[in-house]
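Structure at a glance
This is what each chain is made of:
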Amino acid sequence: MKGRRRSGSMVKVEEVGGRVEEMLDRNAYVNINANWVNAKGAWLIHVVLVFTGKIIIDTIPGMTQQISWTLVNLIYLALSYLMFHWVTGIPFDNELHGGAYDDLTLWEQIDDGAQYTPSKKWLFTAPILLFLASTHYTNYNPWLFAVNLTALILLAIIPKLPQLHRQRVRFLAEDASGMATPVTPSFSQTNQAGPLDPSSITDAHFK
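- The name an unreviewed UniProt entry gives the protein is ORMDL family-domain-containing protein, with Hygrophoropsis aurantiaca as the organism.

As C-alpha cells, this is what we get:
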C-alpha cells in the first residue's frame, strides 16, 4: 500500500517574507500602514488611550482601583497584540506593493523590519511601564501580579523578540495524522505509466 508523504512533525516553524521580489515591491512605494508610528503624536496616543480607557472603566459602578488597573493593562495588551502581532497585510493600497506585505504583521512592517529603532523601543517599553503602574496601583497583589506579568510576557515581550521576526509556527501544516491516505495499487501503477486512453479501460482497472 502506498500513500501520501506524511509530515515529520505536527509543528513547523518557517520564515515568511524573505524573497527578493517581495523586498523590491516593498521599496517601490512608502508603506503608509506602518509609517504612522514615526509621526508626531504617535507615541503620545498610547498614553492618551490608556488614560481614556482608565476613566471609562472607572465609571463602572462598584469598580475598584485594583480591578480597574488590571483591566486597563489586559485590554491594552490584548488590543496591541491584535494590532501589531496578529493581523497581517495592509488594509489599503496593497496593489501598489504587489502583495509583498500579505504575510507580515504590522510589527514586522515597521521601519522595514529593522530592530531596535526608536519607535520599536517605545512600543516595547510602553507595555512594561503600564505593567509597572498597574502593579503599583494593585498594591502588589500576588494574584493580579501573576495575571499581569503573564499577559505582559505572552502578549507584549515574546512576540517582539528579534528571534521571532518573520517566524511562523504552523500546526498540522501537512498530513500529520498517524496514518497515510491509502491508494489502490492499480491506480498507483496507472499513474506511473501515464494517462490511459478511455477506450482502453477495462474491468481489470477497477479490481
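1. Details of the overall build of the protein
- A tally of regular secondary structure across the protein gives eight helices and four strands.
- Across the 207 residues of the protein, 30% fall into the buried class.
- Contacts spanning at least 24 positions in sequence make up 71% of the contacts within the protein whose residues lie at least 6 apart.
- Total accessible area on the protein stands at roughly 13,500 Å², and carbon and sulfur atoms take up 66% of it.

2. Considerations on the packing of helix 4 (residues 65-86) against helix 6 (residues 118-137)
- The interhelical angle for the contact between helix 4 and helix 6, taken along N-to-C directions, is 165°, at an axis separation of 8 Å. As far as their axial angle goes, helix 6 and helix 4 are roughly antiparallel. Read as a crossing pair, helix 4 and helix 6 show a hand that is left-handed. Across the interface between the two elements, Gln 65, Gln 66, Trp 69, Val 72, Asn 73, Tyr 76, Leu 77 and Phe 84 from helix 4 touch Leu 123, Ala 126, Pro 127, Leu 130, Phe 131, Ala 133, Ser 134 and Tyr 137 from helix 6.

3. Observations regarding the packing of helix 6 against helix 7 (residues 142-157)
- Close contact between helix 6 and helix 7 brings their axes to 10 Å; oriented N to C, the two are set at 175°. Taken together, helix 6 and helix 7 sit at an angle that is classed as roughly antiparallel. On helix 7, the residues touching Phe 124, Pro 127, Ile 128, Phe 131, Ser 134 and Thr 135 of helix 6 are Phe 145, Asn 148, Leu 149, Leu 152, Ala 156 and Ile 157.
- Here the residues of the contact of helix 6 with helix 7 sort into nine nonpolar, three polar and no charged.

Cut-offs used in this document
Residues numbered from 1 in each chain as written. Predicted model: local features only at pLDDT ≥ 70, side-chain atom pairs only at ≥ 80, totals over all residues. Heavy atoms only, no water. Helix = DSSP H or I, 4+ residues; strand = E, 2+ residues; numbered from the N terminus. Buried < 20%, exposed > 50% of the residue type's maximum accessible area, 1.4 Å probe, protein only. Contact = heavy atoms within 4.5 Å. Areas by Shrake-Rupley, 256 points an atom, 1.4 Å probe, with all protein chains shown as cover. Axes fitted to C-alpha atoms, helices over the stretch in contact; angles between N-to-C directions. Parallel < 35°, antiparallel > 145°, perpendicular 65-115°, else oblique. Left-handed = near helix turned anticlockwise from the far one by under 90°. Nonpolar A, V, L, I, M, F, W, Y, C, P; charged D, E, K, R; others polar.

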